[in-house]
Amino acid sequence: MTRQDRASILLIYTGGTIGMKEDPIEQTLKPFDFSQILAEVPELGKFAHRIDSYTFTPLIDSSDVEPKLWVSIAELIERKYNEYDGFVILHGTDTMAYSASVLSFMIEELTKPIIFTGSQLPIGSPRTDGKENLISSIEIAAAKDEAGHAVVPEVCIFFDNMLMRGNRTTKINSDNFRAFRSENYPLLAEAGINIRYNSSAILSPTDWNAPPVFHKNLDTRVSILKIHPGITPQVASGILCGEDSRAVIIETYGAGNAPSKEWFLSLIKKASGTGKILLNVTQCLAGSVNMDIYATGKCLKNAGVCSGYDCTTEGALAKLYYLMGWSKDNALVKEMLERSGRKCGLIGTNGNMIGDLFIETERTTPDSFELFRLFGEMSDEAHLHSEHFFHQEKEGMPLHQ
Ligand code: ASP
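Residues numbered from 1 in each chain as written. Predicted model: local features only at pLDDT ≥ 70, side-chain atom pairs only at ≥ 80, totals over all residues. Heavy atoms only, no water.

A. Structural view of the overall build of the protein. Across its full length, the protein holds 11 helices and 21 strands. Going through the 401 residues of the protein one by one, you find that 56% of them count as buried. In the protein, the proportion of contacts linking residues at least 24 apart, taken out of those at least 6 apart, comes to 73%. On the protein, roughly 16,900 Å² of surface is accessible, and the fraction owed to carbon and sulfur atoms is 51%. (Helix = DSSP H or I, 4+ residues; strand = E, 2+ residues; numbered from the N terminus. Buried < 20%, exposed > 50% of the residue type's maximum accessible area, 1.4 Å probe, protein only. Contact = heavy atoms within 4.5 Å. Areas by Shrake-Rupley, 256 points an atom, 1.4 Å probe, with all protein chains shown as cover.)

B. The site of the ligand, seen in detail. Every residue close to the ligand is listed here: Gly 16, Thr 17, Asp 61, Ser 62, Gly 92, Thr 93, Asp 94, Ser 119 and Gln 120. The side chain of Asp 94 places a nitrogen or oxygen atom 2.8 Å from a nitrogen atom of the ligand. A distance of 3.3 Å separates an oxygen atom of the ligand from a polar backbone atom of Ser 119. Calculation on the ligand without its partners gives an accessible area of 270 Å², and the protein chains cover 91% of this total. Among the residues making up the shell around the ligand, the classes are represented as no nonpolar, 7 polar and 2 charged. (Near = heavy atom within 4 Å. Polar contact = N/O pair within 3.5 Å; in protein donor to acceptor, adjacent residues only side chain to side chain. Nonpolar A, V, L, I, M, F, W, Y, C, P; charged D, E, K, R; others polar.)

C. Structural context of the packing of helix 2 (residues 67–80) against helix 3 (residues 96–106). Two elements in contact, helix 2 and helix 3, have axes separated by 10 Å at closest approach and are oriented at 50°. Taken together, the axis directions place helix 2 and helix 3 in an arrangement best described as oblique. For the crossing formed where helix 2 meets helix 3, the hand is right-handed. Between helix 2, through Trp 70, Val 71, Ile 73 and Ala 74, and helix 3, the contact on the second element is made entirely by Tyr 98, Ser 99, Val 102, Leu 103 and Met 106. A per-class count over the contact of helix 2 with helix 3 returns 8 nonpolar, 1 polar and no charged. (Axes fitted to C-alpha atoms, helices over the stretch in contact; angles between N-to-C directions. Parallel < 35°, antiparallel > 145°, perpendicular 65-115°, else oblique. Left-handed = near helix turned anticlockwise from the far one by under 90°.)

D. Just the packing of aromatic side chains, in detail. Scanning all chains against the criterion turns up 7 aromatic pairs. Taking 6.2 Å as the distance between ring centres and 80° as the angle between the ring planes, the aromatic pair formed by Tyr 81 and Phe 214 counts as edge-to-face. One end of the pair, Tyr 81, is in the loop between helix 2 and strand 5 (86–90); the other, Phe 214, is in strand 14 (residues 213–214), with 133 residues separating them in the sequence. Judged by its relative accessible area of 5%, Tyr 81 falls in the buried class. Exposure remark for Phe 214: the relative accessible area of 8% places this residue in the buried category. Through a chain of ring-to-ring contacts, the aromatic side chains of Tyr 81, Tyr 84, Phe 87 and Phe 214 assemble into a single cluster. The cationic tip of Arg 165 hangs over the ring face of Tyr 185; the distance from NZ or CZ to the ring centre is 4.0 Å. (Phe/Tyr/Trp six-rings, centres within 6.5 Å; stacked < 30°, edge-to-face > 60°. Lys NZ or Arg CZ within 6 Å of the ring centre and 35° of its normal.)

E. Seen up close, helix 8 (residues 313–326). Along its 14 residues, helix 8 runs 20 Å from first to last C-alpha, staying within 8% of the 20 Å computed at 1.5 Å per residue. Among the 14 residues of helix 8, 14 are classified as buried, and the element is accordingly described as predominantly covered. (Expected span 1.5 Å × (residues − 1).)

F. Structural context of the environment of Ala 258. Relative to the elements of secondary structure, Ala 258 occurs in the loop between strand 16 (247–252) and helix 6 (262–273). What makes Ala 258 buried here is its relative accessible area of 4%. A C-alpha to C-alpha distance of 6.7 Å links Ala 258 and Gly 297, two positions 39 residues apart in sequence. Excluding residues that lie within four positions of it along the chain, Ala 258 makes contacts with Ile 227, Thr 252, Phe 264, Thr 296 and Leu 300.

Here is the structure:
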């Protein structure tokens, strides 16, 4: 049962195909300003909800997304959290799964929906999928149950009638409207004539009245090694033993298998021996890593490789960015990875939710806050970016009061 009382929604526009237009000179698609979107979707004015919008500048193709954008989005939501019932983020599809995954780890004890959406065709084109995606996302962000709580208090992706948990989602098609899949977790809702919510799959916060905790410290020193037949010691060594990374995600075959050749295993042992965090995720779209099935997987496990279980690469990357920002101690990060088990989220200590699991760690205290401060260089950039936001905020455009 959902209530659709007048809700207030903040629509955050970052760029992507949904708002693009063809540049007549270069004949390529480029992001366009938000007023174009509004003009194309007069239906937005028919909602009883109050919908305000914020536009990032510059608008970007999401291939240009960088972690400082995630920090800026989190800061904006943090500042506006009490003013709105839900947030809809218009974002390019190319990196939407990465952004949704990371945001899910950055906000702990979420009580409101944060829905990422976009489109495969610009909103101005006659067969656009953007209108449906946008309108349904707003409806989902506004939905409340009988108790007045958000129906979906999660970071999600809505695309082609499917609502998916953000950190379980992968872009699987570059030209079909069904661009995303969540193979290892059920849909949270499906939109038909009505929106049908899969309530047993949707998480709730442990305390609806507790303010969420925003974790804005991300350490992005992660590399990804995709195993493939013919991989050479030089290539594998450059990635596994490179000095600039604290962690390497190893995309393995099937249930977590990699070559059993001696040179490969000694590189794994060498990297692991230096304390590097090695995380095994499968190249398969569905299913899980299980390093106990095959001898090749067992060798990785014995060499200190952690299991990413059924995480997507995007989810694994987000989890590492968050955990490594939380602690500088690689051994502790590895312990947290092991303890998080089969879920993409994290295990902590008292029931708070990070990612998609109730975690057991102490709620962030002033003492532990120390752990979440931004790194030097990133801190400055993030600050500049957020100042820019204050400027944008003044230009925030109420669509419907
Ligand atoms: N390149 C575009 C982007 O990710 C693709 C899209 O939005 O569908 O911004």
